[in-house]
Number of protein chains: 6
Amino acid sequence: MVFLTRRERFSAAHKLWKPEWSEEKNFDVFGKCANQNWHGHNYELFITVKGEVNPETGFVIDLRILGEIINNKIINQLDHKNVNLDCPFMVGKLSTTENLAMGIWAILFPEVKKLGCELHSVKIKETENNSVEYLGN
Amino acid sequence: MVFLTRRERFSAAHKLWKPEWSEEKNFDVFGKCANQNWHGHNYELFITVKGEVNPETGFVIDLRILGEIINNKIINQLDHKNVNLDCPFMVGKLSTTENLAMGIWAILFPEVKKLGCELHSVKIKETENNSVEYLGN
Amino acid sequence: MVFLTRRERFSAAHKLWKPEWSEEKNFDVFGKCANQNWHGHNYELFITVKGEVNPETGFVIDLRILGEIINNKIINQLDHKNVNLDCPFMVGKLSTTENLAMGIWAILFPEVKKLGCELHSVKIKETENNSVEYLGN
Amino acid sequence: MVFLTRRERFSAAHKLWKPEWSEEKNFDVFGKCANQNWHGHNYELFITVKGEVNPETGFVIDLRILGEIINNKIINQLDHKNVNLDCPFMVGKLSTTENLAMGIWAILFPEVKKLGCELHSVKIKETENNSVEYLGN
Amino acid sequence: MVFLTRRERFSAAHKLWKPEWSEEKNFDVFGKCANQNWHGHNYELFITVKGEVNPETGFVIDLRILGEIINNKIINQLDHKNVNLDCPFMVGKLSTTENLAMGIWAILFPEVKKLGCELHSVKIKETENNSVEYLGN
Amino acid sequence: MVFLTRRERFSAAHKLWKPEWSEEKNFDVFGKCANQNWHGHNYELFITVKGEVNPETGFVIDLRILGEIINNKIINQLDHKNVNLDCPFMVGKLSTTENLAMGIWAILFPEVKKLGCELHSVKIKETENNSVEYLGN
């Protein structure tokens, strides 16, 4: 069993805001992340898959195919977009890094399965100081 | 003459969009940066000042004071904000990294002067691949 | 279960030295880390907590509160200090990165518990080449 | 139980090429990594060992000794070398990062054992976007 | 006048070897870089251009066009290639980082000119410890 | 004329303290850097030399020789040492990064001259946020 990690990046806007809460409560809970006019990040995404090494190729997975899937299914929905408004799998959810990681997991898990591997981890680095990792349960 | 550089960071949303242009022309010139619903970055800001070393203190400048000025005058206008909508010195300008660097220069130049130093450079790293530097002329 | 990591930094002096050993034995075991007049590092501290995502907030934990705790309980005892002489929870211990990680764990574990989360890992990067991680057992 | 990680680096050439396959199949499977005249990388190697902290020294392991072993057994076979042609433990294998990690594990596992510790992980970062980790099973 | 820097990367093999010298002299001058079977690096390339900011676009240069030129003229000749054998503008030259920087300058200088800007600097980071910069004279 | 930069690192303790000043004044001017029991850093040192490329070797300078000089003359006086107490060229000076950079310049300038090159810059990164550069006048 070998673990392989691919890093991809996306630059996106978002805000943390609950319409059913007052402005005061939103700022109380979400702080400056509740800024009405949005803010944004250069997100770093680390996708780790695990599997046996194929003795024919020496690969756990073809990285080009994994990269294409991550780009088609995830990066294209997020890069130079607004997480809250533009990203189909985040609409109606709070755009916290935790929810983003779980949303990405739900999409990539079956895709990685099809390639004969298992998704092990979705890690998102929102800033150089803050990151979140989801292992699927 | 010694050069001293302070790094600060801000996470902001922006878009490149000219209201007097058609949507088509905006996308033609600005590409995905024209996304209507904004995108964003973790910007890194490098402020370099130059001056003689004060023999009393061994300092070109008191870094705590320089840091306070950068935070009060710049970071507070940009961090967790929208460059186009929230930042007083960028309103009405295209929010390119070039314009941002020149806008920051205009504010910090007289402030650094008051401290007995000279502003040498404003450098902004928008992503790990793209950065801009302005030296004042 | 989501894992959330916060990075904080501290710049501290220390030395590895056992008073009950001869100078020769100290240098034999600890090498240049035994330098009598101390040396120092920019330590990077990575605190990882794990927990369920609160459906109300989308957060595992309020990062501002976690950050305050790490700063109040740990960084303030270490930043711009001497690990051996100034840090209450390290006095009388060898200031190895291993002992530092276990000392930080002991302090943060109950604090994170109070927030409804679990401390998962304390990782310390002493230099770009050396790091230590403690998971509590 | 504490985990200690040592980073080492090596700059090496390699190619992915199976002599029993046609040129077409090699390029189909390995893409530009099949370039006949080789290409190369600055590999980063992260060796993680785990063990109890020795109460006498405060160490899991003497990092100088660990570093010497990694250099003698691994780095000297790879740094400024050709993985396919010069590295004794890779000859006859496909020089994928997966195989490299498993080859390094096989060599270091008994060496770390002799030091009273256990090898926990061999991680190799081939580029800033791609890395592989092997935990021994 | 604003300076804009674009980073690109390439992974390549090379060796330092002068056929008119003896093996002994080659190793004496070039050390382990003379390894017959090549070694390689993840090179980082930083291209800096300077120019006036276009008041219409807020840009010094269209980064997408600059990126395309760097990729078409430089990266495609070097990425996953052998600098000595595969790169047209390096054939017959010693593949030192100094010569590589000057070779890249010669190609990009007229291209950047056509875009209405001036090439300011070609910087190559060969490893995290070694880099070279060429400013054209 | 090509510029070549070599990075070296040292981990050292220091404090900013003027014996002729009161404790109050020391803390007023130097803040937490005046901590009596020292603090420390992982300093990064970037030495840039400039010169013509030797057509025989393709080198501005032999990096191994430059590295040896930096290590013998500078790193050995600073690594795992106390800047104030152990470093011959800093004794009696305030151990600010500015003074350190000028002290290193004074030592390396004639050494680089002997190698047929010119010292261009001494840059020291004290933390990820603060750095100083000295160009010799």
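Let us look at the structure shown here. (Residues numbered from 1 in each chain as written. Chains lettered and ligands numbered in written order. Predicted model: local features only at pLDDT ≥ 70, side-chain atom pairs only at ≥ 80, totals over all residues. Heavy atoms only, no water.)

Points about the arrangement of the chains
What counts is decided by this rule: Note on contacts: a residue pair is in contact if any heavy atoms of the two residues lie within 4.5 Å.
Between chain B and chain C there is no contact, and the shortest C-alpha to C-alpha distance separating them is 15 Å. The two units chain A and chain E remain apart, with a minimum C-alpha distance of 15 Å.

A closer look at the relation of the copies chain B and chain A
For clarity, the threshold we go by: Alignment of the copies relies on least squares applied to C-alpha atoms, considering only residues that score at least 70 for pLDDT in both.
Mapping chain B onto chain A calls for a screw motion: a turn of 180° about the axis and a shift of 0.0 Å along it, with 0.0 Å RMSD after fitting. Such a combination of turn and shift is consistent with a two-fold rotation axis. Of the interface residues in chain B, 100% have counterparts in chain A that sit at the interface too, so the contact is made through matching surfaces.

Some thoughts on the pairing of strand β2 (residues 39-51) of chain C
Residue and element names in this part refer to chain C. The condition is simple: The rule is simple: take the accessible area with a 1.4 Å probe, protein chains only, and divide by the maximum for that residue type; under 20% is buried, over 50% is exposed, in between is partly exposed. Numbering goes from the N terminus for both helices and strands, where a helix is a DSSP run of H or I of at least four residues and a strand is a run of E of at least two. By definition, two strands form a pair when at least two bridges between them are found by DSSP.
Of all 13 residues that make up β2, 12 are buried, and the element is covered over most of its length. Pairing of strand β1 (residues 2-14) with β2 involves 13 bridges; the strand directions are antiparallel. Considered in β2, the bridge of F10 is made with Y43. Pairing between β2 and strand β4 (residues 118-125): seven bridges, direction antiparallel.

Some details on the interface of chain B and chain A
What counts here: Values labelled buried area give the accessible surface lost by two parts on being combined, using a 1.4 Å probe and summing over both. Salt bridges, as used here, are contacts in which a Lys or Arg side-chain nitrogen is within 4 Å of a carboxyl oxygen on Asp or Glu.
With 24 residues of chain B in contact, the opposing surface of chain A contributes 24 residues. Both sides of the chain B and chain A interface together cover about 2000 Å² of buried area, and 42% of this is carbon and sulfur. It is N37, N42 and H80 of chain B in chain B that bury the most area against chain A; as a group they hold 29% of the surface buried on that side. Applying the counting criterion to the chain B and chain A interface returns six salt bridges. In this structure, E128 of chain B and R7 of chain A form a salt bridge, with 2.7 Å as the shortest nitrogen-oxygen distance. For the side of chain B that touches chain A, the elements supplying multiple residues, two or more each, are β1 (2-14), β2 (39-51), β3 (81-82) and α3 (83-86) of chain B. Looking at which element gives the most residues to the side of chain B that touches chain A, the answer is β1 of chain B, with five residues.

As for the side chain of N26 of chain D
As for its position among the elements, N26 of chain D is in helix α1 (residues 23-30). Excluding its chain neighbours within four sequence positions, the residues that come into contact with N26 of chain D are L16, W17, K18, W21, G31 and A34 of chain D.

Structural notes on helix α1 (residues 23-30) of chain F
Using the following cut-off: The directions considered for the arc are those from the helix axis to the C-beta atoms.
Within the sequence span of α1 of chain F, burial applies to N26, V29 and F30 of chain F. Each buried residue of α1 of chain F sits inside an arc of 80° when the element is viewed along its axis, so together they form one side. In α1 of chain F, the exposed residues that point more than 90 degrees away from the buried face are E24 and D28 of chain F. Structurally, α1 of chain F contributes buried residues whose contacts are with α2 (63-78) of chain B. Of the residues one or two after α1 of chain F, G31 of chain F is the one with positive phi, at around 60°.

A word on the environment of V53 of chain B
Secondary-structure assignment places V53 of chain B in the loop between β2 and α2. Residues V53 of chain B and F3 of chain B, spaced 50 residues apart in sequence, show a C-alpha to C-alpha distance of 9.7 Å. Every residue in contact with V53 of chain B, bar those within four places of it in the chain, is listed here: V2, G58, F59 and V60 of chain B together with E98, N99 and M102 of chain F.

Here's the deal with the pattern of salt bridges
Residues and elements named next belong to chain D. Enumeration over the complete set of coordinates arrives at 61 salt bridges over all chains. With a closest N to O distance of 3.4 Å, K114 and E111 form a salt bridge. A residue pair is termed a helical-turn pair when its members lie 3 or 4 positions apart in one helix, as K114 and E111 do in helix α4 (residues 97-114) at three residues. By relative accessible area, which is 14% here, E111 ends up buried.

Remarks on the packing of α2 of chain B against helix α4 (residues 97-114) of chain B
All names here are of chain B. In plain terms, the rule: Between N-to-C directions, angles span 0 to 180 degrees; the directions come from axes that are lines fitted to C-alpha atoms, helices contributing only their stretch in contact. Should the near helix be turned anticlockwise from the far one by less than a right angle, the crossing is left-handed, and should it be turned clockwise, the crossing is right-handed. Gly is put with the polar residues, along with every residue not named as nonpolar or charged; the nonpolar set is Ala, Val, Leu, Ile, Met, Phe, Trp, Tyr, Cys and Pro, and the charged set is Asp, Glu, Lys and Arg.
At their nearest, the axes of α2 and α4 sit 11 Å apart, and the two run at 145° to each other. As for how α2 packs across α4, the hand of that crossing is right-handed. For the pair formed by α2 and α4, the contact residues are L66, I69, I70, K73, I74 and L78 on the first element and L100, I104, I107, L108, E111 and V112 on the second. Partitioning the contact of α2 with α4 into residue classes produces 10 nonpolar, no polar and two charged.

Notes on unusual backbone geometry
Residue and element names in this part refer to chain E. You will see that W38, though not glycine, has its phi angle at about 75°, which is positive. When you line up the elements, W38 lands in the loop between α1 (23-30) and β2 (39-51). Among the residues examined, W38 registers a relative accessible area of 11% and is labelled buried. The backbone phi angle of H80 is positive, close to 60°, even though this residue is not glycine. Examined against the element boundaries, H80 turns out to sit in the loop between α2 (63-78) and β3 (81-82). Of the residues examined, H80 reaches a relative accessible area of 11% and is grouped as buried.

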